[in-house]
Amino acid sequence: MPRGKNFSPWERSLRGDEKMSYHSAIPQSATEEVTRYLHRQLLVRKRFQPGSFIRENDVATELNVSRSPVREALKVLESYGIVKTLPRRGALVLQYTNADVGEIYDVRVLLESKVYSRIVKNHLLNDEHYRHLMKCIDDYRDIRTTFEKNLQEGQLDFFDLECRFHFYIHEISGLSWTSELLKKTYSRLFQYMIHNVGLEDLDSILTFHTNIVENLRSGDLAALGENRIESYMLDKAYRPDK
């Protein structure tokens with residue numbers, strides 16, 4: 001895995017490096033904990049729906065923390081375009097239109113095409129990278145068990161795996177600014193992807209990600225260009241409120 005980079009609390013949360021509940025015994029700052037808690041609640045839409053407000057007092061009381069880490073956590077979420085803080089009202093959970101989601105997908109495709117091209121043309125994918133990505137493929141295959149037991153837990157495990165897979169590929173490219181933009185782009189897409197993914201999508205998910213790995217290894221940029229948007233999301237990503 002690419003080494004030597006210090007990830008922000010948000011990036012570590014997105015990457016799935018911190019697999020812990022709010023009450024984990026592993027030391028972690030209150031802001032990081034609240035950020036992770038709120039983000040995962042937003043992903044599965046268990047509580048906070050688009051158009052609703054997250055209020056500092058309510059979250060602070062629920063998690064038994066002061067308002068300060070909640071306020072900082074909301075700033076992190078706002079920086080990634082998930083909420084917007086409004087004075088005296090709270091943090092509004094943003095609601096994107098179908099056109100917004102389509103445009104965000106287009107941005108992701110453009111940025112990721114640059115990443116793929118850099119990796120292939122400079123032969124950056126080595127054996128260690130390939131083994132790591134194939135381990136992710138195994139995890140995509142094994143995630144079915146979690147989905148069969150609990151849909152929301154399956155969706156959250158899928159989110160963690162998506163971050164671990166895609167952000168790792170972005171790091172391989174060495175394009176730090178492009179990778180940062182992709183993190184922000186993915187953070188918006190995840191708000192509409194994760195809660196729409198179900199057990200019926202898992203075979204397509206496995207095929208989609210396997211094709212990315214094998215096409216990167218073989219250097220097939222044409223095939224990577226065709227494998228642009230997840231087939232399992234084509235009928236779902238544009239229905240953000242369903």
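None of these values were measured; they are calculated from a predicted model. (Residues numbered from 1 in each chain as written. Predicted model: local features only at pLDDT ≥ 70, side-chain atom pairs only at ≥ 80, totals over all residues. Heavy atoms only, no water.)

Asker: What exactly am I supposed to notice about the overall build of the chain here?
Answerer: Tallying secondary structure elements over the chain gives eleven helices and three strands in all. Traced from its N-terminal end to its C-terminal end, the chain shows the element sequence α-α-β-α-α-β-β-α-α-α-α-α-α-α. In the chain, which comprises 242 residues, the proportion classed as buried is 51%. The long-range share in the chain, meaning contacts at least 24 apart out of those at least 6 apart in sequence, stands at 74%. With an accessible surface of roughly 11,700 Å², the chain has 50% of that area assigned to carbon and sulfur atoms. (Helix = DSSP H or I, 4+ residues; strand = E, 2+ residues; numbered from the N terminus. Buried < 20%, exposed > 50% of the residue type's maximum accessible area, 1.4 Å probe, protein only. Contact = heavy atoms within 4.5 Å. Areas by Shrake-Rupley, 256 points an atom, 1.4 Å probe, with all protein chains shown as cover.)

Asker: Is there a simple way to explain the sheet that holds strand E1 (residues 53-54) in this structure?
Answerer: Hydrogen bonds between backbone atoms are what pair the strands of a sheet, whose relative direction is either parallel or antiparallel. Read from one edge of the open sheet, three strands run E1-E3-E2, paired in antiparallel fashion. The open sheet terminates on both sides in strands that have one partner only, identified here as E1 and strand E2 (83-86). Bridge count for E2 against strand E3 (residues 90-93) is four bridges, and the pairing is antiparallel. Among the inter-strand pairings, Thr85 is bridged to a residue of E3, identified as Ala91. Where helix H4 (residues 67-79) meets the sheet, its contacts fall on E1, E2 and E3, and the angle it forms with E2 comes to roughly 125°. (Pairing = 2+ DSSP bridges. Axes fitted to C-alpha atoms, helices over the stretch in contact; angles between N-to-C directions.)

Asker: I'm lost on unusual backbone geometry in this one. Help?
Answerer: Where the residue is not glycine, phi is negative for most of them; where a peptide bond is considered, it is trans in most cases. One non-glycine residue with positive phi stands out, namely Arg88, at about 65°. In this structure, Arg88 sits in the loop between E2 and E3. Note on Arg88: relative accessible area 85%, which makes it exposed. One non-glycine residue, His123, lies in the positive phi region at around 50°. Checked against the element boundaries, His123 lands in the loop between helix H5 (98-121) and helix H6 (127-142). Judged by its relative accessible area of 70%, His123 is exposed.

Asker: What's the story with the layout of surface pockets in this structure? I'm lost.
Answerer: If you roll a probe as big as a water molecule over the atoms, it shows you where there is empty space left. In this structure, the second largest pocket encloses a volume near 200 Å³. Taken together, 15 residues line the second largest pocket, and the ones lying closest to its centre are Glu56, Thr85, Leu86, Arg89 and Gly90. It is H4 that provides the largest number of residues to the lining of the second largest pocket, a total of four residues. (1 Å grid on protein atoms, 1.4 Å probe; cavity = no way out; pocket = protein on both sides within 12 Å on 5 of 7 lines; lining within 4 Å. Points joined across faces, edges and corners; volume = space filled by probe spheres on them.)

Asker: What's the story with the pairing of E3 in this structure? I'm lost.
Answerer: Side-chain direction in a regular strand flips from residue to residue, so the side chains alternate between the two faces of the sheet. Summarising the sheet, E1 and E3 pair through two bridges and their orientation is antiparallel. Its bridge partner lying in E3, Phe53 is registered against Leu92.

Asker: Just to check I follow, could you spell out the packing of H5 against helix H8 (residues 151-173) for this structure?
Answerer: Two packed helices can be described by the angle between their axes and the distance between those axes. Look at H5 against H8: their axes get within 8 Å of each other, and the N-to-C directions meet at 55°. Viewed along their axes, H5 and H8 adopt a mutual orientation that is oblique. The interaxial crossing formed by H5 with H8 has left-handed handedness. On H8, the residues that touch Glu112, Val115, Tyr116, Arg118 and Ile119 of H5 are His166, Ile169, His170, Ile172 and Ser173. (Parallel < 35°, antiparallel > 145°, perpendicular 65-115°, else oblique. Left-handed = near helix turned anticlockwise from the far one by under 90°.)

Asker: Is there a simple way to think about the nonpolar core in this case?
Answerer: Considering soluble globular proteins, one finds that nonpolar side chains tend to be buried as a cluster. Of all hydrophobic cores here, the largest spans 45 residues; its most connected members are Tyr140, Phe158, Phe165, Ile169, Phe190, Ile212 and Leu216. Where this core is concerned, the elements lending two or more residues are helix H2 (30-44), H5, H6, H8, helix H9 (176-193) and helix H10 (202-218). Ranked by the residues each element gives to this core, the list is headed by H8, at ten residues. If near-sequence neighbours (up to four positions away) are discounted, Phe190 is found in contact with Leu43, Phe159, Glu162, Cys163 and Phe167. One finds Val34, Leu38, Leu63 and Val93 within the second-largest nonpolar core, a separate group that totals 17 residues. (Core = buried A, V, L, I, M, F, W, Y, C linked by side-chain atoms within 4.5 Å.)

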